[in-house]
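# Close look at the chain arrangement
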Amino acid sequence: MSFDLVLFGGTGDLAWRKLMPALFQAFRHGSLPEGGRIIGVARDDLSDDAYRELIQSRFEAVEGAKRPTAEEFKEFASLLHYLRMDLSKPEDYARLADLLKSRGAGTIVMYLATAPALFTQVVQQVAAAGLNGAQTRVVLEKPLGHDLASNRQINQAVREVLAEHQIFRIDHYLGKPSVQNLFAMRFGNALFEPIWRREHISNIQITIAEDLGVEKRGAFYDKTGALRDMVQNHALQLVCAIGMEPPINEHADAIRDEKLKVLRSLKPWTSETIPLHAIRGQYGAGTAYGKRVGGYRDEPGIDPESRTETFVALRTEIANWRWAGVPLYIRTGKRLASRDARIEVNFRPTPHAIFRSPPNAVNKLVINLQPKDGLELHMLAQAQNDRQRNGSSSRRLGPQLAPVQLDLDFDKRFGIERVGAYERLLLDVIDGRLNLFVRSDEQEEAWRWVEPLIDSWSADGEPRSYAAGTWGPSASSAMIARDNNSWSEEQ
Ligand code: BG6
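Residues numbered from 1 in each chain as written. Predicted model: local features only at pLDDT ≥ 70, side-chain atom pairs only at ≥ 80, totals over all residues. Heavy atoms only, no water.

### Comments concerning a nonpolar patch on the surface
On the surface, a nonpolar cluster with roughly 250 Å² of combined accessible area is contributed by Met379, Val404 and Leu406. Checked against the element boundaries, Met379 lands in strand β15 (residues 374-382). The partly exposed category is assigned to Met379, whose relative accessible area is 34%. (Patch = residues over 30% accessible without salt bridge, like charges linked within 9 Å, V, L, I, M, F, W, Y side chains within 5 Å. Areas by Shrake-Rupley, 256 points an atom, 1.4 Å probe, with all protein chains shown as cover. Salt bridge = Lys/Arg side-chain N within 4 Å of Asp/Glu carboxyl O. Helix = DSSP H or I, 4+ residues; strand = E, 2+ residues; numbered from the N terminus. Buried < 20%, exposed > 50% of the residue type's maximum accessible area, 1.4 Å probe, protein only.)

### With respect to the site of the ligand
Close to the ligand lie Lys142, His172, Tyr173, Lys176, Glu210, Arg217, Asp229, Met230, His234, Lys334, Arg339 and Gln370, which account for all nearby residues. One nitrogen or oxygen atom from the side chain of His172 is found 2.8 Å from an oxygen atom belonging to the ligand. Considering the ligand on its own, with 400 Å² of exposed area, one finds that the protein chains cover 86% of that surface. The element best represented in the shell around the ligand is helix α8 (residues 218-243), accounting for three residues. Partitioning the shell around the ligand into residue classes produces two nonpolar, three polar and seven charged. (Near = heavy atom within 4 Å. Polar contact = N/O pair within 3.5 Å; in protein donor to acceptor, adjacent residues only side chain to side chain. Nonpolar A, V, L, I, M, F, W, Y, C, P; charged D, E, K, R; others polar.)

### Concerning the packing of aromatic side chains
According to the stated counting rule, one finds 19 aromatic pairs in the structure shown. Between the aromatic rings of Tyr51 and Tyr82, the centroid separation amounts to 5.0 Å while the plane-to-plane angle is 40 degrees, which identifies the pairing as tilted. One end of the pair, Tyr51, is in helix α2 (residues 48-60); the other, Tyr82, is in strand β3 (residues 80-84), and 31 residues separate them in sequence. Per residue, the accessibility class of Tyr51 equals that of Tyr82, and both read buried. Through successive ring pairs, a cluster of aromatic residues spans Trp16, Phe24, Phe27, Phe59, Phe73 and Phe76. In this arrangement the basic side chain of Lys176 is found over the ring face of Tyr173, its NZ or CZ atom lying 4.6 Å from the centre. (Phe/Tyr/Trp six-rings, centres within 6.5 Å; stacked < 30°, edge-to-face > 60°. Lys NZ or Arg CZ within 6 Å of the ring centre and 35° of its normal.)

### Examining the pattern of salt bridges
Going through the model one piece at a time under the given rule, you end up with 34 salt bridges. Here Lys89 and Asp86 are joined by a salt bridge, their closest N and O atoms 3.9 Å apart. Overall, the relative accessible area of 37% leaves Lys89 in the partly exposed class. Since its relative accessible area comes to 26%, Asp86 is described here as partly exposed. The salt bridge partner of Asp253 is Arg256, with a shortest N-O separation of 3.7 Å.

### Details of the packing of α2 against helix α3 (residues 70-77)
Direction vectors running N to C along α2 and α3 enclose 145 degrees, while the axes themselves pass 11 Å from each other. Considering only the axes of α2 and α3, their crossing is right-handed. Judged by residue contacts, Arg52, Ile55, Gln56 and Phe59 of α2 engage Phe73, Phe76 and Ala77 from α3. Here the contact of α2 with α3 is composed, by residue class, of five nonpolar, one polar and one charged. (Axes fitted to C-alpha atoms, helices over the stretch in contact; angles between N-to-C directions. Left-handed = near helix turned anticlockwise from the far one by under 90°. Contact = heavy atoms within 4.5 Å.)

### Overview of the packing of helix α5 (residues 119-128) against helix α6 (residues 148-161)
Contact geometry of α5 with α6 gives a least axis separation of 9 Å together with a crossing angle of 10 degrees. Relative to α6, α5 is oriented roughly parallel. For the pair α5 and α6, the contacting residues are Phe119, Thr120, Val123, Gln124 and Ala127 in the first and Ile154, Ala157, Val158 and Val161 in the second. Residue classes in the contact of α5 with α6 are distributed as seven nonpolar, two polar and no charged. (Parallel < 35°, antiparallel > 145°, perpendicular 65-115°, else oblique.)

### Brief notes about the sheet that holds strand β16 (residues 401-409)
Taken in spatial order, the nine strands line up as β16-β15-β14-β13-β7-β12-β11-β8-β17 in an open sheet, and their pairing is mixed. Because the sheet does not close on itself, it has two edges, and the strands there are β16 and β17 (464-467). Shown here is a sheet whose adjacent strand axes are inclined to one another by a mean of 20 degrees, direction ignored. Two elements, strand β11 (residues 311-316) and strand β12 (residues 328-333), share six bridges in a ladder whose sense is antiparallel. Each residue of the ladder has a partner; that of Val312, found in β12, is Thr332. Against the sheet, helix α7 (residues 177-187) engages β13 (340-347), β14 (364-370) and β15, with an angle of about 150 degrees to β14. Strands β7 (201-209), β11, β12, β13 and β14 of the sheet are contacted by α8, whose axis makes an angle of about 140 degrees with β7. (Pairing = 2+ DSSP bridges.)

### Thoughts on the environment of Gln237
Positionally, Gln237 belongs in helix α8. Residues Gln237 and Ile170, spaced 67 residues apart in sequence, show a C-alpha to C-alpha distance of 11 Å. Other than its neighbours up to four places away in sequence, Gln237 contacts Asp171, Leu174, Lys259, Val438 and Glu442.

### Here we look at the pairing of strand β8 (residues 278-284)
Burial of β8 is extensive: seven of the seven residues sit out of reach of the surface. Covered by surrounding structure in β8 are Ala278, Arg280, Gln282 and Gly284 together with Ile279, Gly281 and Tyr283, the residues of both alternating faces. Pairing of β8 with β17 involves four bridges; the strand directions are parallel. When the sheet's bridge partners are listed, Gly284 is paired in β17 with Ala467.

### As for the sheet that holds strand β1 (residues 3-8)
With parallel pairing, six strands are arranged side by side in an open sheet as β3-β2-β1-β4-β5-β6. Every interior strand has two partners, whereas the edge strands, β3 and β6 (167-169), have only one. Going across the sheet, the axis of each strand differs from the next one's by a mean of 20 degrees, ignoring polarity. Where strand β2 (residues 37-42) lies against β3, five bridges are found, and the strand directions are parallel. Each residue of the ladder has a partner; that of Ala42, found in β3, is Arg84. In the packing of helix α1 (residues 13-28) onto the sheet, the strands contacted are β1, β2, β3 and β4 (107-112), and the crossing angle to β1 comes to about 165 degrees.

Read these as spatial facts, not as claims about activity.
Here you go:
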């Protein structure tokens, strides 16, 4: 079916970094439906050709196989159009309506890659121009609002003019192949389900570490911080994928109903638990990629006295029958020791030891999200040469076990050129598939859960400092050590 994709914020950071590359890959893979138009919208005065040249110049900076050849770009560029708009002016939406009507595409996607403060205005104007018909789908980028009240306000305004099935709240972590595989692992295999519970699992750790700093997004980030930028959305969606009950089928509402229950079961914060179980940090000067780098407050666009957190570590629990008493640790941050996102599920030790095992050796399932994409199952095995090495006396103590792991690398197994998160999600929007998008009640519940932290942190105190290139403030290790656990790099 033909489509028009209107990209509000068509010259912005997201359009360039994520959306255009994803659209190009979809085009290259032949998965973009034929006869579509991609209409960039922004305030700059550009012709279609000037917009195409701008996009081309950006693509020329891409290294390696992801860069289009001249021939490929020429074909892709024929899909690109541009419309100059002032988003506050009704007459500009009328011009957009004319452009869309000239074509009468079966599907119209409005992608709001703008500041969230503009979302309400844009959807209201889109509706006032009569562009909210059944063929319209609206994509809203995160963070949707900056707290529960503003999130509700946006959701309400959007729902006044569009039905829920027309609203695609994007969280690109749900589109990552590794997160797809987490669902496949849990719900496509019967193996894990019986042990996926408190009786067998001792704790779960979710890490989303970035080695990058705030780059050129200082002005946005300083108002946002790691809690709103990463925890409220990406990290909590991973918590849902790990903690949810099996959905009755693969339909959007069946999945979202189960995710919602997890969010509702998260232990609420109290004035006692916040200081103990919620650690915030901000990077100071340190090292990145082997070079000295400045601290957060020295980055462009950042208030020199900023109290914005660039690191968060939390300890919580999913308080239900499956998970009660299992600590769930979440941490994320910028300028950490490496780019590394993974979920570690630590199993309980054997009930009775008959072997000698290395200290702290337990079974562990590691779900690697990035840069590696795969599964590791950490186990203990008996080394072949145990007897000769340890002599006969060790036999009396029982054989020494050694840690080994089963390693499944999805990139090797399925090829590195798999469909990226934004590519997958953009195609889902065009197809009208909502499974991997977030419903408003999920989003509100996630805001409700983080809000006591926002309030407490904005009321007083400062984030703890950590050196760029490390794993965050030492308080994060101390928090988990109080449970006799440790982050994996400390094990
Ligand atoms: C975005 C955040 O949602 O996710 C960024 O706004 C962050 O601050 C990015 O860098 C991380 O995404 P990925 O896919 O690189 O892990």
